[in-house]
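# Descriptive analysis of the structure
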Amino acid sequence: MLKKSAVFIFTLFVSTNAYATHPLVTDDTGTQGKGKFQIEMNSEFASDNRDGGTEKEHSGEAAAALSWGIADNIDLVTALPEKWLSIKSNGITSQDARGIGDMTIEMKWRFFDDKTTGLSFALKPGITIPTGNAQKGLGSDLFQESLLLIATRAARLGAVHCNLGYSRIEKGDDNTRNHIWHGSIGTEINVTGDLRAVLNSGIETNDAKASKKHPAFLLGGVICAVAESLDLDFGLKYGLNEAETDTAFLAGLTARF
């Protein structure tokens, strides 16, 4: 079974949310500001049925990410996930594992910011280090390099974010694609001063060469500011085709200082 690698190392040092503004998958151009920090504690609980429901997979992760503003428009992010995976075939457990996932390091550089129009652009390069156990399904056992182009248009009622990304996976075997593309769009709507509703959709190249279906998702959620520097968020993610995980519940906490 082929597993997607997690972009952890680059995210660990660069910022964007190898985890965007949780629960969004689409990243935004925002940075912390020079000398400021952000800590994120994010979790995901996923469920997927395959082969007509005869095989069921329950998986998830809890990740901690630290973002550091090394300049007003540049962030470094560091993060490392704890992952778990359980697979049952016809009611019999065939796989049950838990442990550290792949590590990612990234850097976000906002190179254009027009305060008048609210339009901004950023680049986020990254690298994934295979620190997870691939035999247990917790990692990819492959190095991965990535580059993400981010666009944000902010306005009084909310914001729209667009991502176009490319990843190159180190050659593993003839069954795995080495070039992965990602495209997504996310929106934030300011419901009240402390509450934002979010909607997100995206698609990514399937890393399995044998599949012509590429994972696509739809996500909805909320972000609540419980204090000036503390946010709580919740989201539900749905797979739009069989290549994507059926459902996932996301929850997170973000603190800035």
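See the structure printed just above.
Notes on the structure in this doc start here. The structure presented is a predicted model; accordingly, all values stated were derived computationally and were not measured.

Here we come to the side chain of S184. Among the secondary structure elements, S184 is positioned in strand β9 (residues 179-190). Within polar-contact distance, the side chain of S184 engages the side chain of H182 at 3.0 Å. Beyond its immediate chain neighbours, meaning those up to four positions away, S184 contacts T26, H161, C162, N163, N200, S201 and G202.

Within the secondary structure, G60 is located in strand β2 (residues 55-71). Judged by its relative accessible area of 10%, G60 is buried. Sequence separation between G60 and K83 is 23 residues; the distance between their C-alpha atoms is 5.8 Å. Every residue in contact with G60, bar those within four places of it in the chain, is listed here: E44, F45, E82, K83 and W84.

In this section: the pattern of salt bridges. Counting across every chain of the model gives 15 salt bridges. When the shortest N-O distance is used, the salt bridge between K108 and D28 registers 3.9 Å. Separated by 80 residues along the polypeptide, K108 in strand β5 (residues 103-114) and D28 in the loop between α1 (9-14) and β1 (37-50) bring together distant segments of the chain. Overlapping salt bridges, with partners in common, bring together D27, D28, E106, K108 and K124 in one network.

With that settled, the discussion passes to the pairing of strand β12 (residues 230-239). Pairing of strand β11 (residues 216-227) with β12 involves ten bridges; the strand directions are antiparallel. Of the residues in β12, the one forming a bridge with C224 is L232. The antiparallel hairpin formed by β11 and β12 contains two residues in its connecting segment. Across nine bridges, the pairing between β12 and strand β13 (residues 247-256) is antiparallel. For L230, the partnering residue across the bridge sits in β13 and is A255.

Turning to unusual backbone geometry, a few remarks are in order. Of note, the amide linkage connecting H22 to P23 takes the cis form, showing an omega dihedral of 10°. Here P23 shows up in the loop between α1 and β1. With a phi angle near 55°, N90 is a residue other than glycine that sits in the positive phi range. Tracing the backbone through its elements, the reader meets N90 in the loop between β3 (74-89) and β4 (92-100). N90 sits in the exposed class, given a relative accessible area of 64%. Not every positive phi belongs to a glycine, and D141 is a case in point at roughly 65°. In this fold, D141 is placed in the loop between β6 (119-129) and β7 (144-155). Judged by its relative accessible area of 47%, D141 is partly exposed.

This next bit is on the pairing of β1. The pairing of β1 with β2 spans 14 bridges and is classified as antiparallel. Within β2, the position partnered with S43 by the bridge is A62. If you look at the hairpin formed by β1 and β2, you'll find four residues sitting between the two strands, and D51 has a positive phi there, around 55°.

This part covers a nonpolar patch on the surface. Together, F45, L199, L218, V222, F234, L236, Y238, L240 and F249 make up an exposed nonpolar region whose accessible area comes to about 810 Å². At three residues, β12 tops the list of elements feeding residues into the nonpolar patch. Considering the arrangement of structural elements, one finds L218 in strand β11.

All right, on to the side chain of T254 then. Within the secondary structure, T254 is located in strand β13. When its relative accessible area of 8% is taken as the criterion, T254 is described as buried. Those residues within four positions of T254 in sequence are excluded, and the remaining contacts are Q38, I39, E40, S229, L230 and D231.

Cut-offs used in this document
- Residues numbered from 1 in each chain as written.
- Predicted model: local features only at pLDDT ≥ 70, side-chain atom pairs only at ≥ 80, totals over all residues.
- Heavy atoms only, no water.
- Helix = DSSP H or I, 4+ residues; strand = E, 2+ residues; numbered from the N terminus.
- Polar contact = N/O pair within 3.5 Å; in protein donor to acceptor, adjacent residues only side chain to side chain.
- Contact = heavy atoms within 4.5 Å.
- Buried < 20%, exposed > 50% of the residue type's maximum accessible area, 1.4 Å probe, protein only.
- Salt bridge = Lys/Arg side-chain N within 4 Å of Asp/Glu carboxyl O.
- Pairing = 2+ DSSP bridges.
- Patch = residues over 30% accessible without salt bridge, like charges linked within 9 Å, V, L, I, M, F, W, Y side chains within 5 Å.
- Areas by Shrake-Rupley, 256 points an atom, 1.4 Å probe, with all protein chains shown as cover.

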